[in-house]
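Summary of structural features
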Amino acid sequence: MRRHSLFVFLALLFLTGATQAEQARYVETPYGEQKVVFDFFLDDPAKMNAALFWIRSYMNPLMDSPYNQAPEFMNIVVMIHGTEIVTLARHNEEKYREVVERMRYYDQLGVRFKVCAIAAEDYNYSIKDFQPFVELVPSAMTELVHWQQQGYALLTPTVVTRHKSIEEIR
């Protein structure tokens, strides 16, 4: 009887271990101080909302436990130089209200939004045309290089148009 119980115990132990070994593990990488520059160059201003989720996906885990980082101490720069530039024009505020409000929120958390002056000129915008939280810089390219030379990681959001639902492709 004892031998049978021992066998059952060992079999259960083995099966439990095998099951645990065959599944994914959650790992809390020990993140330290991070610096990031986001390169926004979108082909449609309607994709700006999705691109802003990259910032959220970057910040939220760092603000949560076990990291508990304060957003105002995160080093986040967003370089804007594609069609999404129109979302920052004051005269388009009503049209892109949700996007502008999200950017204002991130600005209050310390995220810096920079617009390429060359791109602004292409759209016939001047500094007075932009939201007050925007910083106009000479060139997106030189700005991106500058921040990378300061140790900032470069993240370029890829925003795709989904043609099938998640349920269809699962």
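Here the structure is a predicted model, which is why all the values come from computation and not from measurement.

**Structural notes on the overall build of the protein**
Scanning the protein from terminus to terminus reveals six helices and five strands. Within the span of the protein, comprising 170 residues, buried residues form 36% of the whole. Taking contacts inside the protein between residues at least 6 apart in sequence as the whole, the part at least 24 apart equals 72%. Here the protein has roughly 11400 Å² of accessible surface; of this, 55% comes from carbon and sulfur atoms.

**Looking at the pairing of strand β3 (residues 112-116)**
Among the five residues in β3, four count as buried, and that is most of the element. Across four bridges, the pairing between strand β2 (residues 75-80) and β3 is parallel. The residue bridging Val-77 from the neighbouring strand is Arg-112, located in β3. A crossover links β2 with its parallel partner β3, the connecting element being helix α3 (residues 97-108), and its sense is right-handed. As defined by bridge partners, β3 adjoins strand β4 (residues 134-137) across four bridges and the pair is classed as parallel.

**Some points on the packing of helix α2 (residues 48-63) against α3**
Closest axis-to-axis distance for the α2/α3 pair is 10 Å, and the angle between their directions is 25°. Between α2 and α3, the angle is such that the two are roughly parallel. Taken as a pair, α2 and α3 cross one another with a handedness that is left-handed. Taking contact as the criterion, the partners of Met-48, Asn-49, Leu-52, Phe-53, Ile-55, Arg-56 and Met-59 in α2 are, on α3, Glu-98, Val-99, Arg-102, Met-103 and Tyr-106. For the contact of α2 with α3, a count of residues per class yields eight nonpolar, one polar and three charged.

**Looking at α2**
If you check α2, its first and last C-alpha atoms are 23 Å apart, about what 16 residues at 1.5 Å a residue would give, namely 22 Å. Met-48, Asn-49, Ala-51, Leu-52, Ile-55, Tyr-58, Met-59 and Leu-62 are the residues of α2 that are buried. Packing partners of the buried residues in α2 comprise β1 (35-40), β2, α3 and β3.

**Some remarks on the pattern of salt bridges**
Scanning the entire structure with this criterion turns up seven salt bridges. Arg-112 is paired through a salt bridge with Glu-135; the nearest N and O atoms lie 3.6 Å apart. Remark: Glu-135 occurs in strand β4 and Arg-112 occurs in strand β3; sequence separation between them is 23 residues. Residue classification places Arg-112 among the partly exposed positions, given a relative accessible area of 34%. In the salt-bridge network here, residues are joined through shared partners; they are Arg-112, Lys-114, Glu-135 and Glu-143.

**As for the side chain of Lys-47**
Secondary-structure assignment places Lys-47 in the loop between β1 and α2. Beyond its immediate chain neighbours, meaning those up to four positions away, Lys-47 contacts Leu-42, Val-159 and Thr-161.

**Side note on the packing of aromatic side chains**
Geometrically, a pair of aromatic rings is defined through the distance of the ring centres and the angle of the planes. This structure, assessed with the given rule, holds eight aromatic pairs. Plain terms: the ring middles of Phe-113 and Phe-133 are 5.7 Å apart, the flat faces sit at 70° to each other, and that makes the pair edge-to-face. In this pair, Phe-113 sits in strand β3 while Phe-133 sits in the loop between α4 (117-122) and β4, placing the two residues 20 residues apart along the sequence. Accessibility classification places Phe-113 together with Phe-133 in one group, the buried group. Centroid distance Trp-147 to Tyr-152: 4.8 Å. Interplanar angle 65°. Geometry classified as edge-to-face. Tyr-152 sits in the buried class, given a relative accessible area of 11%. The rings of Phe-38, Phe-40 and Tyr-58 are connected pair by pair, giving a single aromatic cluster.

Rules of the game
- Residues numbered from 1 in each chain as written.
- Predicted model: local features only at pLDDT ≥ 70, side-chain atom pairs only at ≥ 80, totals over all residues.
- Heavy atoms only, no water.
- Helix = DSSP H or I, 4+ residues; strand = E, 2+ residues; numbered from the N terminus.
- Buried < 20%, exposed > 50% of the residue type's maximum accessible area, 1.4 Å probe, protein only.
- Contact = heavy atoms within 4.5 Å.
- Areas by Shrake-Rupley, 256 points an atom, 1.4 Å probe, with all protein chains shown as cover.
- Pairing = 2+ DSSP bridges.
- Right-handed = clockwise from strand over helix to strand, strands pointing away.
- Axes fitted to C-alpha atoms, helices over the stretch in contact; angles between N-to-C directions.
- Parallel < 35°, antiparallel > 145°, perpendicular 65-115°, else oblique.
- Left-handed = near helix turned anticlockwise from the far one by under 90°.
- Nonpolar A, V, L, I, M, F, W, Y, C, P; charged D, E, K, R; others polar.
- Expected span 1.5 Å × (residues − 1).
- Salt bridge = Lys/Arg side-chain N within 4 Å of Asp/Glu carboxyl O.
- Phe/Tyr/Trp six-rings, centres within 6.5 Å; stacked < 30°, edge-to-face > 60°.

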